Amino acid sequence: MLVGDFYGIAEIADAMGLSRQLVTVWRKRRSHGIPEPDAELASGPIWRKETVEPWIERTRGRLGLAGGPESASRSLRLRVCRRVLRLAALMLEEPQRPRVLNEAAAQLRDLAPEIDQTADDVVGALLRELVEPVRDPDEAAELLRVPIIESLPLVTAVARNSPDW
């Protein structure tokens, strides 16, 4: 709740539709260009509305929070990464088991519609790139070894761009 012309962490989080924990992490890491607070109280930092409201609007727009699609949820990010890692592990088995590989690829592909509904922010782009190799259901999964293995650094990138990981 906005008290007068001031914002605290909770008010910023509410204004952006984010968790207080995420805003706190951004402040501690000095990420996303969050402005320095105008004052520090025993209860935490506070910002004047003229200091923080322009940043809130810019950041909401940049992150796709301004009435557009939402950023990928933690649950979706974890499911995508787990399925990519499982598929990669299966790709490295000898002998390969085509039926199991195709099933694992289908499970990853099943997340594509949910991924496509997320914001076009950094994490959303990474998730779309992770699912790209399996989008064609007619492509045999055993032929995807190289693209799947090459996509593994994207899992790390998702983690690095997810403060709530």
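Residues numbered from 1 in each chain as written. Predicted model: local features only at pLDDT ≥ 70, side-chain atom pairs only at ≥ 80, totals over all residues. Heavy atoms only, no water.

### Some words on the overall build of the chain
We count it as follows: Each helix corresponds to a stretch of at least 4 residues labelled H or I by DSSP, and each strand to a stretch of at least 2 residues labelled E; elements are numbered beginning at the N terminus. Categorising residues by exposure relies on relative accessible area from a 1.4 Å probe, with only protein chains included: less than 20% of the type maximum marks a residue as buried, more than 50% marks it as exposed, and the intermediate range marks it as partly exposed. Note on contacts: a residue pair is in contact if any heavy atoms of the two residues lie within 4.5 Å. Methods summary: accessible areas were calculated by the Shrake-Rupley approach with a probe of 1.4 Å, and residue burial reflects only the protein chains presented. Positive charges are assigned to Lys and Arg, negative charges to Asp and Glu, while His and the chain termini are left out of the count. Lysine's charge is taken at NZ, arginine's at CZ, aspartate's at CG and glutamate's at CD.
Within the chain one finds nine helices and three strands. Ordered by position from N to C terminus, the α and β elements of the chain give β-α-α-β-β-α-α-α-α-α-α-α. In terms of overall dimensions, the chain has a C-alpha envelope of 65 × 30 × 20 Å along the principal axes. When each of the 165 residues of the chain is scored for burial, the buried share is 39%. Intrachain contacts of the chain at a sequence separation of at least 6 include 61% that bridge at least 24 residues. Just so you have it, the chain exposes about 9300 Å², and 53% of that area is on carbon and sulfur atoms. For the chain, the distance from the average site of its 23 positive side-chain charges to the average site of its 26 negative ones is 5 Å.

### A closer look at the layout of surface pockets
In this approach the atoms are scanned with a rolling probe the size of a water molecule, which exposes any empty space left behind. Spelled out, the test is: Buried and open spaces are told apart on a 1 Å grid over the protein atoms alone, a cavity being a set of points where a 1.4 Å probe fits but cannot get out and a pocket being an open set with protein on both sides within 12 Å along at least five of seven lines. Residues with an atom within 4 Å of a point are the lining residues. Grid points are joined across faces, edges and corners, and a volume is the space filled by probe spheres set on the points. In the scheme used here, Gly and all other residues not listed as nonpolar or charged are polar, with Ala, Val, Leu, Ile, Met, Phe, Trp, Tyr, Cys and Pro taken as nonpolar and Asp, Glu, Lys and Arg as charged. Domain delimitation in this document rests on an assignment produced automatically or drawn from a domain database.
Taken as a whole, the largest pocket spans an internal volume of roughly 750 Å³. In terms of lining, the largest pocket is formed by 27 residues, of which the most central are L18, L22, W26, S71 and P163. In terms of residue count, the dominant contributor to the lining of the largest pocket is helix α2 (residues 20-29) (five residues). Tallied by class, the residues present in the lining of the largest pocket amount to eleven nonpolar, nine polar and seven charged. Both of domain 1 (6-63) and domain 2 (69-161) provide at least three residues apiece to the lining of the largest pocket.

### A short note on the side chain of T118
To be explicit about the condition: Polar contact criterion, stated in full: a pair of N or O atoms within 3.5 Å, where within protein one must be able to donate a hydrogen and the other to accept it, and residues adjacent in sequence count only if both atoms are side-chain atoms.
Within the element layout of this structure, T118 appears in the loop between α6 (112-116) and α7 (122-131). Of the polar contacts made by the side chain of T118, one reaches the backbone oxygen of I115; its length is 2.7 Å. At 3.3 Å, the side chain of T118 and the side chain of R128 are in polar contact.

### Some remarks on the packing of aromatic side chains
Note the following rule: A pair of aromatic rings is counted whenever rings of Phe, Tyr or Trp (Trp by its six-membered ring) have centres within 6.5 Å, and the orientation is called stacked for planes under 30 degrees apart, edge-to-face for over 60 and tilted otherwise.
Tallying each qualifying case throughout the model produces one aromatic pair. For the pair W26 and W55, a centre-to-centre distance of 6.3 Å together with 85° between the ring planes defines the contact as edge-to-face. With a gap of 29 residues between them, W26 in helix α2 and W55 in helix α3 (residues 49-62) connect regions that are remote in the sequence. Classification of W26 by relative accessible area gives buried; the value is 3%. Residue classification places W55 among the buried positions, given a relative accessible area of 2%.

### Some details on the nonpolar core
Worth spelling out the cut-off: Among the buried residues, those of types Ala, Val, Leu, Ile, Met, Phe, Trp, Tyr and Cys that are joined through side-chain atoms within 4.5 Å form a nonpolar core.
Counting 30 residues, the largest nonpolar core has V80, L87, L127, L130 and V134 as its most contacted members. Top element by residues in this core is helix α4 (residues 74-91). It accounts for eight residues. Once residues within four sequence positions are removed from consideration, L127 is found in contact with A72, L76, R77, V80, I115 and V158.

### Examining α2
The condition that has to hold: What the arc covers is the set of directions going from the helix axis to the C-beta atoms.
For α2, the full list of buried residues reads L22, V23 and W26. Projected down its long axis, α2 carries its buried residues within an arc of 100°, all on one side. Facing away from the buried side of α2 by more than 90 degrees, the exposed set consists of R20, Q21 and K28. With its phi angle positive at about 55°, R30 sits one or two positions after the end of α2.

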